[in-house]
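Listed here are the chains, written in short residue letters.
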Amino acid sequence: MDNDDTNSKVPLLEDIETPLEVSAESVYPVKNKNKECRWKNWKNCKHGKCKKARCVKKCLKVICKVALVGFLLFGAVASIAGYRWYRFVSHQVQQWTVTEPNALPVQDVPLEELALLEDSARFFWDSIQYGKVPEDFVLTAKDLNGFFASEERLRGNAFAEMKANEYQVSLSIPTDGLPGGKGRYFVATKTLNWDPENQELKVKIQPMDESMGTMAEAVLKLTTMEDGKTLNLQVLSGQGLGHIIPQKFIDEQYNLLEDLYNCDCHDHECKQARKFLEGLAGVAMEDGQVVVHADPEPKEATYYKEHEGHSWHHGHHGHRHHGKHGKHGHRHGDHHHGGDHGHHHGGRRHLRAKIGGHRHLKALHMLRKLMA
């Protein structure tokens, strides 16, 4: 009994050697006085820096998500555009190519002669750029075929022929590098005709298999403006890859060379090309060769400078063309004033801007690339 009484007594505080431990399930949890900021560096917790850092981190996450979504959208659009372009090119390649090449002759010319011809062409160009009058530059069909033979890609795949007022190149080009072009060949002839009586250039790309139809063709009129020096090249008719050049564009009588006479101040290549044309007297397409004549008295083309605010006013003076013996033939055409094709007030309107305003001018863009 004594032992039971002893064990049943409540111990005094002084008899407790160890402090009572608070269990984890206690309804009175002990506050942790050593709680630290979430960031390891406790100094960043002062003055609300922890909250500011969390905001920055959240903003960075949002920016990353937006950038990722934008990248995915851009990738999707690019993929769709690339797929459509691939299908379009593949369709055109299948339509205008054949499975068998056309054997073309190879005309080798010594590399020394080709090097001399290149030097002669460079001298002709540089002389005009520096205001000098060089001798006529002559390019024969033999020399041109020699250049074709010296190029691995064109050897046996291109051959040129030159007749009076006619230039023709036969092609048999592998199309392995194009979509859908593996094992196929572009076999066609590219012809340029000059009609001196009507002052018209006729360009045509015709597949050897005539059942395919005509790939591209155009009739252009080449004249000069009132100053007798500014060239005026207008489209009379044409089509490319089945797209006909709109009559509305033709009726506007755009000068395809106008941008050449309105070069940007920093476009030195454009200025050099204009300088070269100003230094020419004409080009003669003779039997077996093309002769480029330099103007003995070159002068600046001033038409667009004189008509600064009337860029689309066109004159139709005939273009001087050299005959076989180098004589000048000068013909005058009609001269247009007023109306929609005369003075255009309100600033210069360039060809690029005008073309951009039409919806159905893809044919013209493709045609200009094909004729290059």
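Residues numbered from 1 in each chain as written. Predicted model: local features only at pLDDT ≥ 70, side-chain atom pairs only at ≥ 80, totals over all residues. Heavy atoms only, no water.

K.L.:
Report on the packing of helix H3 (residues 111-129) against helix H6 (residues 268-278), specifying residues and quantitative values.
P.N.:
Where H3 contacts H6, the axes come no closer than 9 Å and their chain directions differ by 95 degrees. Classified by the interaxial angle, the pair formed by H3 and H6 is roughly perpendicular. Here H3 contributes Phe 124, Trp 125, Ile 128 and Gln 129 to the contact with H6, which in turn contributes Gln 272, Ala 273, Lys 275 and Phe 276. When the residues that make up the contact of H3 with H6 are grouped by side-chain class, the tally is five nonpolar, two polar and one charged. (Axes fitted to C-alpha atoms, helices over the stretch in contact; angles between N-to-C directions. Helix = DSSP H or I, 4+ residues; strand = E, 2+ residues; numbered from the N terminus. Parallel < 35°, antiparallel > 145°, perpendicular 65-115°, else oblique. Contact = heavy atoms within 4.5 Å. Nonpolar A, V, L, I, M, F, W, Y, C, P; charged D, E, K, R; others polar.)

K.L.:
How would you explain the sheet that holds strand E9 (residues 280-286) if you had to name every residue and give the values?
P.N.:
One open sheet holds the three strands; their spatial order is E1-E10-E9, and the pairing between them is antiparallel. Two strands in the sheet have a free side with no partner beyond their single neighbour: strand E1 (137-140) and E9. Ignoring strand direction, the axes of neighbouring strands in this sheet form an average angle of 10 degrees. Where E1 meets strand E10 (residues 289-294), four bridges bridge the pair, whose relative direction is antiparallel. By the bridge assignment for E10, Val 138 is matched with Val 291. Sheet contacts for H3: E1, E9 and E10; angle to E1, the most-contacted strand, approximately 145 degrees. (Pairing = 2+ DSSP bridges.)

K.L.:
Got a sec to walk through the state of the cysteines? Specific residues and values, please.
P.N.:
Counting across every chain of the model gives one disulfide. Two residues, Cys 263 and Cys 270, share a disulfide whose sulfurs are 2.0 Å apart. The sign of the -70 degrees torsion about the S-S bond sets the Cys 263-Cys 270 disulfide as left-handed. A relative accessible area of 17% means that Cys 263 is categorised as buried. Residue Cys 270 is classed as buried on the basis of its relative accessible area, which comes to 12%. (Disulfide = S-S within 2.5 Å. Buried < 20%, exposed > 50% of the residue type's maximum accessible area, 1.4 Å probe, protein only.)

K.L.:
Which residues make up H6, and what values do they have?
P.N.:
Three or more residues of H6 are buried, namely Cys 270, Phe 276 and Glu 278. Each element contacted by the buried residues of H6 is listed here: H3 and E9.

K.L.:
Hey, could you go over the UniProt feature "transmembrane region" (unreviewed entry) in the protein chain for me, with residue numbers and the actual values?
P.N.:
As annotated by UniProt and renumbered to match this structure, "transmembrane region" (unreviewed entry) occupies residues 62-86. As annotated, residues 62-86 comprises 100% helix and 0% strand, and the C-alpha atoms at either end are separated by 36 Å. (UniProt positions renumbered as here; feature names shortened; annotations may be inferred.)

K.L.:
So what's going on with empty space enclosed by the protein? Residues and values would help.
P.N.:
Remark: the empty space left among the atoms is shown by a probe the size of a water molecule rolled over them. Under the definition given, this model contains one cavity of 30 Å³ or more. Estimated volume of the largest cavity: approximately 30 Å³. Breaking the lining of the largest cavity down by element, the ones donating at least two residues are helix H4 (141-150) and strand E2 (158-163). Among the elements that take part in the lining of the largest cavity, H4 stands out by supplying three residues, more than any other. Among the residues making up the lining of the largest cavity, the classes are represented as seven nonpolar, three polar and one charged. (1 Å grid on protein atoms, 1.4 Å probe; cavity = no way out; pocket = protein on both sides within 12 Å on 5 of 7 lines; lining within 4 Å. Points joined across faces, edges and corners; volume = space filled by probe spheres on them.)

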